[in-house]
Structures are given as C-alpha cells and as structure tokens.
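Next come the chains, spelled out residue by residue.
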Amino acid sequence: MNAGAAPLLELVDLVRYFPVRNAFGRRTGWIRAVDGLSLAVWPGETLGLVGESGCGKSTLGKTVMGIYTPTAGDIRFAGREIGHLPARARRAVARDLQYVYQDPGASLDPRWKVVHSLHEPLKIHTRLSRAEREREVGAILAAVGLPDAHLDLYPHELSGGQQRRVGLARILTLRPRMVILDEPTSGLDVSVQASVLKLFRSMQEAFALTYVFISHDLAVVRAMCARIAVMYLGTIVELGDTAAVFETPRHPYTRSLLAAVPRIGGRRVTLDFVLEGEPPSPRDVPSGCRFRTRCPLVQDVCAREEPRLREVDGRAVACHFA
Ligand code: SF4
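All figures in this text were calculated on a predicted structure; none of them were measured in a lab. (Residues numbered from 1 in each chain as written. Predicted model: local features only at pLDDT ≥ 70, side-chain atom pairs only at ≥ 80, totals over all residues. Heavy atoms only, no water.)

Enquirer: Looking at this structure, I do not really get helix α9 (residues 252-259). What am I missing?
Expert: Turn by turn, an α-helix covers 3.6 residues, leaving residues three or four places apart pointing in a common direction. Counted residue by residue, α9 has seven buried out of eight residues, so it is predominantly covered. Regarding α9, the residues found buried are Pro252, Tyr253, Thr254, Ser256, Leu257, Leu258 and Ala259. Residues of α9 that are buried in the fold lie against β3 (46-50), α7 (218-224), β9 (227-232), β10 (235-241) and α8 (242-247). (Buried < 20%, exposed > 50% of the residue type's maximum accessible area, 1.4 Å probe, protein only. Helix = DSSP H or I, 4+ residues; strand = E, 2+ residues; numbered from the N terminus. Contact = heavy atoms within 4.5 Å.)

Structure (structure tokens):
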C-alpha cells in the first residue's frame, strides 16, 4: 500500500506522560496518556482515530500539534522531526499543520468583523500585499460557500453553521497540508452534521488536505475515513481499512466497541461482545495486555506479555489471539 509515497505524518514510539502530584507537590506517579504509539498518515487520506473518552486520542492530537511536548519518541512531518524543535522553529510548522477543536467558529473573536478574522493569519504568517490578501480571502470564502457580503459582518450576525464555515476559512487561509479535526461534529444535530461533513470533503478535494479525524462517533468515522485506528489506554490496538475493520473486527476491544453501535436497517457488527465497565485509569495501566481487565477472551499469557501490533488479515492488531 502507498508504494512510492512517503507518509506526511509519522509517529514513532510516541509517548506523552503527565505527572501526578500529591498535596505537597511531590510526584507520585504518571498518567500514561500516549504510551509508545506508532502510526503513519499518508498524503490525501482521512485517518479516523477512535476510542472511548480518556483513551488518549485528544492528547495524541495535541502532542502532534506541539501543544504538548512529547515525553519520548518522534513526530515526523513531511520527513522532518518536529517533536523536539525549539518554539520558534515549531511555530513555522504551524502553517502546514492545523488543529481544529470541535467548532472552528467558536474561536472567532466576537469584536472582529469576518474580514479582519480572515486577513489576520495572512498578515502574521505571510508577506502578501493587501491586494493579494484580498484575492486569497475572497477565493477561500467562496470555497466555503459564503458570499463576499459576509466579510462585513460580526460573528454574532452569522448563524452557527456560517460561523463554522468562517472558522474553517480562517484555518484554510494558511493553506495547511494537514488538519487534525478533534470531535468536529460533536454537539451537531444530524442534518447539520451531514452538511459539515460534506464541507470537510469538498475542502479536502479543493485544498489537497490530509485529515486526522478524531471522534467517538463511529458512524461518522465510517462515513468519512478510509482507514481507522482504534485506541485503547494510550496505544493503538487495531489499525486498518475502515470497511474491513467494521466488517470483521479482529481485536476484542474493537469488537466490543462496534457491538455498542446500533445499526439501523442492518445487522450489528457483532452480537457476542459487550463492553463492560470503565477502562482502567491511565495512571494504573494493567500489566501485559492493557485490555485484559475487560476482555472476554483473556488467558494467562495476557497478564504476562504485552501484545505488539502485528499484521493479521491485511491490518495491524495487538492481541495474542487475533
Ligand atoms: S491479548 Fe488477551 S486480553 Fe488482550 S485482547 Fe487479546 S485475548 Fe484479550
């Protein structure tokens, strides 16, 4: 797969821990939010990243973005290690690699007209003349489906959907190569969700974007992503083509997760697995396989040996018995 192409983003044994401190400020342990995770994202694809809340998917996105510094491991973007760059050099990468948390419209400054919000990133990050900026802003506004007349409006004069489009336009003014979308449809009703997903798709085509799509909504991930990575307690347990993973999930956690998704008009993916209880705390990761405390197939070896991701049936699975 992808013979000849190089990954746009490559994570190698990425680790991000947070210290846990007692009332006296003494460190008493670590939260292992991202725990030795490796992953490649290819140019032009949409990779879905799923898992229960607290599995580390947002921490992973924020570590890639430079919001958190990696505790260990490498982040390679377009062939260059960016995880340990000095702040100034890291900011230069920010143009190419953008992060959208939930609603991009929510980050608009209420005191600024749309025109100001869209020109500002270009003023900071480029040397374009005013006329060039105006051309660029006009083109991007049209691409997100808004007329020029909206340039003169304040955010409160726009609908929620229009604010979202302006927020996205603001990100696109920098012509990023990759956008990490963190729960981009959360809080939207189904009809608005469909138009937002359509917008993401048309933006991807128009601007040759690569997406990492972080979501707990498996139905949305299935609709948007050609590949899916399933995360559990800071690491990836299954990674492969979305259609194949949904059709025949191989890791017991993936099977449990998919079994919990209701299917309207179709059969459920699995009937025999139900996910019980809460995941263990990332402060207290179980020995061996980290899913063993909830796994219906657990054996003795699972407590002793941590299963590594290995190729099974055309995808990568971390289970001794997959
Ligand atoms: S390695 Fe063992 S505990 Fe882990 S998922 Fe596989 S069967 Fe379950």
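Enquirer: What is the right way to look at the confidence of the model for the chain in this model?
Expert: Atom-level detail of predicted coordinates should not be read off regions where pLDDT is low. For the chain, per-residue confidence averages 90 on the pLDDT scale, and residues scoring 70 or more make up 93% of the total. Note on residues 264-272: pLDDT under 50 across the span, and 12 contacts to partners over four residues away in sequence or across chains. (pLDDT = per-residue confidence, 0-100.)

Enquirer: Where do I start with the pattern of salt bridges in this structure?
Expert: Where charged atoms from two side chains of opposite charge approach closely, those side chains can pair. Counted by the stated rule, this structure contains 15 salt bridges. For arginine 76, the salt bridge identified is with aspartate 74, shortest N-O distance 3.4 Å. The class of aspartate 74 is partly exposed, set by a relative accessible area of 25%. Taken together, the shared-partner salt bridges connect Arg32, Asp35, Arg290 and Glu306 into one network. (Salt bridge = Lys/Arg side-chain N within 4 Å of Asp/Glu carboxyl O.)

Enquirer: Could you clarify how one ought to interpret the sheet that holds strand β7 (residues 178-182) in this entry?
Expert: Backbone-to-backbone hydrogen bonds pair the strands of a sheet. The strands run either parallel or antiparallel. Strand order across the open sheet formed by eight strands is β6-β7-β8-β3-β9-β10-β12-β11, with mixed pairing between neighbours. The sheet is open, and its two edges are formed by β6 (97-101) and β11 (310-312), each paired on a single side. On average, each strand axis in the sheet is tilted by 25 degrees relative to the strand beside it, whichever way the strands run. The pairing of β3 with strand β8 (residues 210-214) spans four bridges and is parallel. In the strand pairing of β8, glycine 48 is matched with phenylalanine 213. Contacting β3, β7 and β8, helix α6 (residues 190-207) crosses the sheet at an angle of about 155 degrees to β8. (Pairing = 2+ DSSP bridges. Axes fitted to C-alpha atoms, helices over the stretch in contact; angles between N-to-C directions.)

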